[in-house]
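If you want the building blocks of each chain, they are given just below.
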Amino acid sequence: MTRDLQRCGRSLAIWLVLLSPGASAFAQGFGGTVSDHLVRGDSLLAQGKTAEAIVQFQEARTLCPTPAEIVASLQGEAKGRLMQNETLPAVGLLEEAATRFPDDPRASNLLYEAGFAAQRSGEIDKAVGLYRRALERNPTKDIVPGLKFQIAQSLRLRGRQGEVLDILKDFEKDYPDHAMLPTVLYTIAIANHDLFTSSGERARLEEAAAIYKRLIEKFPGSPSAIEAHFELGLVQLELGRRSEAAESFNRFVTLNPGSPVAAAALEDAGDMMLFRSPKESAQLYALARVKGKANPKPSDPTLGLGRWLTLKETVAGALSRPWVLGILGVIALGAVVLAGRLIVRRFRKTPAPASA
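Residues numbered from 1 in each chain as written. Predicted model: local features only at pLDDT ≥ 70, side-chain atom pairs only at ≥ 80, totals over all residues. Heavy atoms only, no water.

Novice: Break down unusual backbone geometry for me, with residues and values.
Specialist: Residues other than glycine seldom take positive phi values, yet Asn 85 does so here, at roughly 60°. Within the secondary structure layout, Asn 85 lies in the loop between helix H6 (67-83) and helix H7 (87-100). On the basis of relative accessibility, which here comes to 59%, the residue Asn 85 falls in the exposed class. Residues other than glycine seldom take positive phi values, yet Asn 138 does so here, at roughly 55°. (Helix = DSSP H or I, 4+ residues; strand = E, 2+ residues; numbered from the N terminus. Buried < 20%, exposed > 50% of the residue type's maximum accessible area, 1.4 Å probe, protein only.)

Here's what the structure looks like:
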């Protein structure tokens, strides 16, 4: 700010001369006033002419703008940079505006935008720092929920699940009607599941299952609730609730048949039913194969079809035939009889030796 004032002070005499009648156009600069440049820059952004818009915002800062106009020009140029996928320069411009003019009412929003841009560019730690600075700047109430969620998302990407839960623990109580609540509940459940993976605490799994169920019940049909069916199935599987897991996987595929993980969900459901209902299991495996070919491939290869699907499908098909079940029953009965005889022989008393 001081640098701008010094530049303006040095050219004050020239401006006084130019402000005489007939010279007003020069006083405003060849392209008009600061306001003209800002308006023109916004118009060019709306037309998608980002390079020309950036020039207008830069030019505005050469005409002795007020602090508010400097912030507007930096913010405008940052928008142009983002539209050109120049995320890091945009972060720098937004952070500069918030740092040079900390009393500007837009400071918290500028830091929020900078954090989002940093996160988009993969600078997760920087994004967390910018989001936290935005929270410290007394932001307007409308952006606080989004700020907290973005901090949590960034922390989760860094594997700091405990901090995720700490940030979001009061979200449902503080914002019970917020449109973001389903996604927040999903994130909390995921964080609990991740914590179980790292700590082995069964209570984390129980908490994750409870939150998924509440999400499904409270927001049926929402994208987060639909995805929650699949995640709930995974949690129930780890809890040993196989029939419930199969039901969750089947429900997920019914609600989201085109999902990249639908095939894996069907295969998992088939695994749960293999010995309880082999015929249904065979049908699930066959459908999983169809979905695996028709649906998009999952970004995570571990969520694709298993390498033993063909073998499991064959086993399920065989087990669903009555004669196979009969043979297996006879084999099982024979194994029980044989085991019984061995036990009897082991514990039968040995005859006392004959006296001499």
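Novice: So, the environment of Gly 92: which residues are in play, and what are the values?
Specialist: In this fold, Gly 92 is placed in helix H7. Overall, the relative accessible area of 36% leaves Gly 92 in the partly exposed class. Through-space distance from the C-alpha of Gly 92 to that of Ala 114 is 7.7 Å; in sequence the pair is 22 residues apart.

Novice: Please provide a residue-by-residue account of the packing of aromatic side chains, values included.
Specialist: One pass over the structure, following the stated rule, counts five aromatic pairs. Relative to Tyr 212, the ring of Tyr 186 has its centre 6.1 Å away and its plane inclined at 65°; by these criteria the two rings are edge-to-face. Highlighted residues: Tyr 186 in helix H13 (residues 181-199) and Tyr 212 in helix H14 (residues 202-218), separated in sequence by 26 residues. Assigned by exposure class, Tyr 186 and Tyr 212 land together as buried. With 5.3 Å between their ring centres and 45° between their planes, Phe 230 and Phe 252 make a pair best called tilted. In this pair, Phe 230 sits in helix H15 (residues 223-238) while Phe 252 sits in helix H16 (residues 242-255), placing the two residues 22 residues apart along the sequence. Assigned by exposure class, Phe 230 and Phe 252 land together as buried. One aromatic cluster is present, built from ring pairs that chain together Phe 230, Phe 249 and Phe 252. (Phe/Tyr/Trp six-rings, centres within 6.5 Å; stacked < 30°, edge-to-face > 60°.)

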